[in-house]
Amino acid sequence: MDLHKLYIILDHPDESRNIGAACRAMANNDIKHLRIVGSKNDYDIEHVKRLAIHADYIFDNAEFFDSLKEATKDCAICAGTTRRRGKNRKGKLLLPEEFAQTASQITGSDKENSGQKVAIVFGNERTGLTDDQLDLCTLGVTIPSSNEFGSLNLSHAVQILCYHMFRKNNDYLTGYTPLTLERLDKTVTTIADNLQKIGFFKVTGRPDMEQFWRSVLSRAALSESEAQYIEKVFTKAAGLASKKNLPPQ
């Protein structure tokens, strides 16, 4: 995904501080382009920058438009965010991770510079996007939340959508890669070999023991380093047990 082709659009936001917090959320996720439908004179710049902290440059470079249609006319797709469903609210609302896949295809790669701009639109804090505003969007995106209290703060909603865009652009950022069953079987064999060395079970009991460890460790989704540590523990334990059983010299 080319994050430089993502445009966050705030349609007539009420609160200046929310704009600043939205700028900070965007900066957290390497998204720089902010467009606001409304007049810059309607907002308290000091309040914006107080919440934006070091992301105030995003507001300084923000573009202001008189209408949502003008703000999105150079974009290939326009996603309206809404928590309410209905016949006038787009037939199918995408989840953030589903929309991230769509946005990735449209923006293309930042290395190729061949994609198109994508707009993500957020409505006013009090009302959200109206039906008329959603009609100007080409699809809808929703963030699942509590039925009892489903309304998200504007900047929180921006953070969630921007985060999913950022993660899609950085798919390689995984904590670790779980082992395959083939690799895991080597760990299971090491455990069984060492248990057998210390007489933990008879040969006939080994298959059941291996099946037990294979089942337990596969559910744990071990990393390579974790598997190696387990192997060392059982190998060292068997070695210590063998030394204790040696006849005196």
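Here, the structure is the one placed above.
Bear in mind that the values here come from a model prediction, so they are computed numbers and not experimental data. (Residues numbered from 1 in each chain as written. Predicted model: local features only at pLDDT ≥ 70, side-chain atom pairs only at ≥ 80, totals over all residues. Heavy atoms only, no water.)

1. A closer look at the packing of helix H1 (residues 16–28) against helix H2 (residues 45–52)
Part 1: Relative to each other, H1 and H2 sit at 35°, their axes nearing to 7 Å. Crossing geometry of H1 relative to H2 is assigned as right-handed. Where H1 abuts H2, its residues Ser16, Arg17, Ile19, Gly20, Ala21, Cys23 and Arg24 lie against His47, Val48, Leu51 and Ala52.
Part 2: Looking at the contact of H1 with H2 residue by residue, the class counts come to six nonpolar, three polar and two charged. (Axes fitted to C-alpha atoms, helices over the stretch in contact; angles between N-to-C directions. Helix = DSSP H or I, 4+ residues; strand = E, 2+ residues; numbered from the N terminus. Left-handed = near helix turned anticlockwise from the far one by under 90°. Contact = heavy atoms within 4.5 Å. Nonpolar A, V, L, I, M, F, W, Y, C, P; charged D, E, K, R; others polar.)

2. Description of the layout of surface pockets
Part 1: In this structure, the largest pocket occupies an estimated 420 Å³ of space.
Part 2: In this structure, the largest pocket is lined by 23 residues; those nearest its centre are Thr81, Arg83, Gly128, Ser151 and Leu152. (1 Å grid on protein atoms, 1.4 Å probe; cavity = no way out; pocket = protein on both sides within 12 Å on 5 of 7 lines; lining within 4 Å. Points joined across faces, edges and corners; volume = space filled by probe spheres on them.)

3. A short note on helix H10 (residues 224–244)
Part 1: Its 21 residues give H10 an end-to-end C-alpha distance of 31 Å, which sits within 8% of 30 Å, the value for a rise of 1.5 Å per residue.
Part 2: Along H10, the residues classified as buried are Ala227, Glu231, Phe234 and Ala238. Along H10, the residues classed as buried sweep out an arc of 70° about the axis, all on the same side. Exposed side of H10, more than 90 degrees from the buried face: Ser225, Tyr229, Lys232, Lys236, Lys243 and Lys244 are the residues found there.
Part 3: Check the buried side of H10 and you find it contacts helix H8 (181–197) and helix H9 (206–220). (Expected span 1.5 Å × (residues − 1). Buried < 20%, exposed > 50% of the residue type's maximum accessible area, 1.4 Å probe, protein only. Arc of directions from axis to C-beta.)

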